[in-house]
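Reading the structure
For reference, the chains in residue letters:
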Amino acid sequence: MKRVYLPLIILCSVFTTLLSAPVRAADEPIVIRFSHVSSESSPKGKGALLLQQLVKERLGDQVSIEIHPAAELYNDTDGLEALRRNDIQMLAPSLAKFRAYTPKLQIFDLPFLFDDLAAVDKFQGRAKGKKLLLSMVEKDIVGLAYWHNGMKQLSATRPLNEPADAAGLTFRIQDSAVLKSQFKALTANTEVLAYADMFDALASGQVQGAENPWTNFDSKNLQQVQPYITETNHGVLDYMLVTNSRFWYGIPHHIRYELENIITEVTYAVNKAAAEENERHRNNVLASGKTRLITLTAEQREAWRQRMQPVWQEFSEQIGERLIHSAQAAN
Ligand code: SIN
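This is a predicted model, so every value here is computed, not measured.

Description of the overall build of the protein chain
For the protein chain, the helix and strand inventory stands at 13 helices and 11 strands. Relative to a compact globule of 331 residues, whose C-alpha radius of gyration would be 20 Å, the protein chain shows 20 Å and is just as compact. Dimensions of the protein chain along its principal axes, counting C-alpha atoms only, are 60 × 40 × 30 Å. Relative to its 331 residues, the protein chain shows a buried fraction of 52%. Excluding contacts between residues fewer than 6 apart, the proportion of contacts in the protein chain whose partners are at least 24 apart in sequence is 75%. Taken as a whole, the protein chain presents about 14600 Å² of accessible surface, with 52% of it coming from carbon and sulfur. Here the protein chain carries 36 positive and 38 negative side-chain charges, and the mean point of each set is 4 Å from the other.

Set out below in structure tokens:
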């Protein structure tokens with residue numbers, strides 16, 4: 001999208017909202033239904049609760065945030081369609097879930113692009129990263145912030161030391177073409193499954209492996225069904241806090257301004273806690289004694305990188321070479 005069109009699109013969006021928004025009495029609160037797929041104790045769940053608390057403290061009766069955790073209303077894919085219909089007003093899907101709305105965000109799925117969460121943070125904070133928040137406005141989706149979860153690790157029913165160890169296994173993936181290719185490069189199979197269905201699919205043997213940050217692995221209790229985890233840090237799982245653009249730009253300016261300030265504060269807290277949260281969940285997993293940690297040598301990790309990184313080539317045109325270079329420069 002050319003930069004010059006963006007304000008125009010937002011303006012049109014506001015205008016459409018003003019024409020189509022349901023009439024709300026001045027003393028009625030603005031209700032924001034925030035749906036997510038994680039537990040309330042996950043980084044995202046805690047972020048949602050903090051948002052609710054600060055909005056209550058600072059905006060009193062003017063805005064009410066209703067939280068629907070653990071996919072009780074929607075999973076991420078149908079949640080995004082519900083958001084576009086304005087049936088819900090906030091969602092924080094992992095970045096892999098947006099590919100139907102923009103090819104650009106696939107950048108976050110590229111394996112071995114970011115060295116660590118600090119590099120991810122740096123890229124998201126730069127102009128090119130921030131611009132991606134507005135890459136779906138034409139589809140009525142506007143990004144308000146990036147929330148960190150963490151770097152992904154590979155787990156399976158057998159030890160994964162070398163890339164060849166993954167051959168023939170079926171891995172649960174999010175609905176991402178990049179992730180599908182990443183496992184294809186390992187001659188492994190993939191099955192797209194909702195987050196809510198991952199545990200059962202691993203328990204029944206329908207799939208034998210997965211990739212998750214430590215927080216998700218532990219929150220989902222995957223140590224019960226995955227005897228091995230390899231600390232690859234091969235990719236990132238982060239979120240975009242999104243809202244319906246017509247809804248958002250229809251909120252009176254002074255209230256939206258306060259909401260934006262609160263979101264900045266919550267984002268800071270969520271992102272500051274991310275590394276510590278991952279460490280805590282990593283310790284839980286290891287203390288359970290059920291999942292064996294495999295630590296890679298530098299040569300072993302390099303072998304995984306070499307097998308997965310050719311995937312970049314396949315997606316560089318869709319994502320944009322320059323965007324990929326600026327992400328690399330954040331390392
Ligand atoms: C989440 O953390 O929100 C879910 C990510 C996934 O689907 O693996």
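So, the site of the ligand
In the neighbourhood of the ligand, the contacting residues comprise V37, S38, K44, S94, K97, R172, Q174, Y195, N216, L237 and Y239. The contact in question runs from an oxygen atom of the ligand to an N or O atom on the side chain of Y239, over 2.5 Å. A total of 260 Å² of accessible area belongs to the ligand in isolation, and the protein chains cover 100% of it. Per-class residue counts for the shell around the ligand are 4 nonpolar, 4 polar and 3 charged.

Comments concerning the sheet that holds strand β7 (residues 189–192)
Read from one edge of the open sheet, 6 strands run β7-β6-β8-β5-β9-β11, paired in mixed fashion. If you trace the sheet from one side to the other, it starts and ends with β7 and β11 (292–294), each paired once. Strand-to-strand, the axes of this sheet are offset by a mean angle of 30°, without reference to chain direction. Here helix α6 (residues 177–184) sits on the sheet in contact with β5 (153–156), β6 (170–173), β7 and β8 (209–212), set at roughly 165° to β6.

Section: the packing of α6 against helix α12 (residues 311–319)
Relative orientation and spacing of two packed helices are given, respectively, by the angle between their axes and the distance between those axes. In contact at an axis separation of 9 Å, α6 and α12 are set at 160° when each is read in the N-to-C sense. What the angle tells us is that α6 and α12 run roughly antiparallel. Crossing handedness for the pair α6 and α12: right-handed. Residues A177, V178, S181 and Q182 of α6 form the contact with α12, whose participating residues are V311, E314 and F315. Across the contact of α6 with α12, the residue classes break down as 4 nonpolar, 2 polar and 1 charged.

Remarks on the environment of N244
In this structure, N244 sits in strand β10 (residues 236–244). For N244, a relative accessible area of 0% gives the class buried. Taking C-alpha positions, N244 is 24 Å from F123, a pair spaced 121 residues apart along the chain. In contact with N244, other than residues within four places in its own chain, are L83, R84, R85, N86, Q89 and D140. At 2.8 Å, the side chain of N244 forms a polar contact with the backbone nitrogen of R246.

Looking at unusual backbone geometry
The residue N86 is not glycine, and still its phi comes out positive at about 65°. Classification of N86 as partly exposed rests on a relative accessible area of 26%. One non-glycine residue, N233, lies in positive phi territory at about 45°. Relative to the helices and strands, N233 is located in the loop between β9 (228–230) and β10.

The rules behind these values
- Residues numbered from 1 in each chain as written.
- Predicted model: local features only at pLDDT ≥ 70, side-chain atom pairs only at ≥ 80, totals over all residues.
- Heavy atoms only, no water.
- Helix = DSSP H or I, 4+ residues; strand = E, 2+ residues; numbered from the N terminus.
- Rg over C-alpha atoms; globule rule 2.2 N^0.38 Å.
- Buried < 20%, exposed > 50% of the residue type's maximum accessible area, 1.4 Å probe, protein only.
- Contact = heavy atoms within 4.5 Å.
- Areas by Shrake-Rupley, 256 points an atom, 1.4 Å probe, with all protein chains shown as cover.
- Lys, Arg positive; Asp, Glu negative; His and termini not counted.
- Charge placed at Lys NZ, Arg CZ, Asp CG, Glu CD.
- Near = heavy atom within 4 Å.
- Polar contact = N/O pair within 3.5 Å; in protein donor to acceptor, adjacent residues only side chain to side chain.
- Nonpolar A, V, L, I, M, F, W, Y, C, P; charged D, E, K, R; others polar.
- Pairing = 2+ DSSP bridges.
- Axes fitted to C-alpha atoms, helices over the stretch in contact; angles between N-to-C directions.
- Parallel < 35°, antiparallel > 145°, perpendicular 65-115°, else oblique.
- Left-handed = near helix turned anticlockwise from the far one by under 90°.

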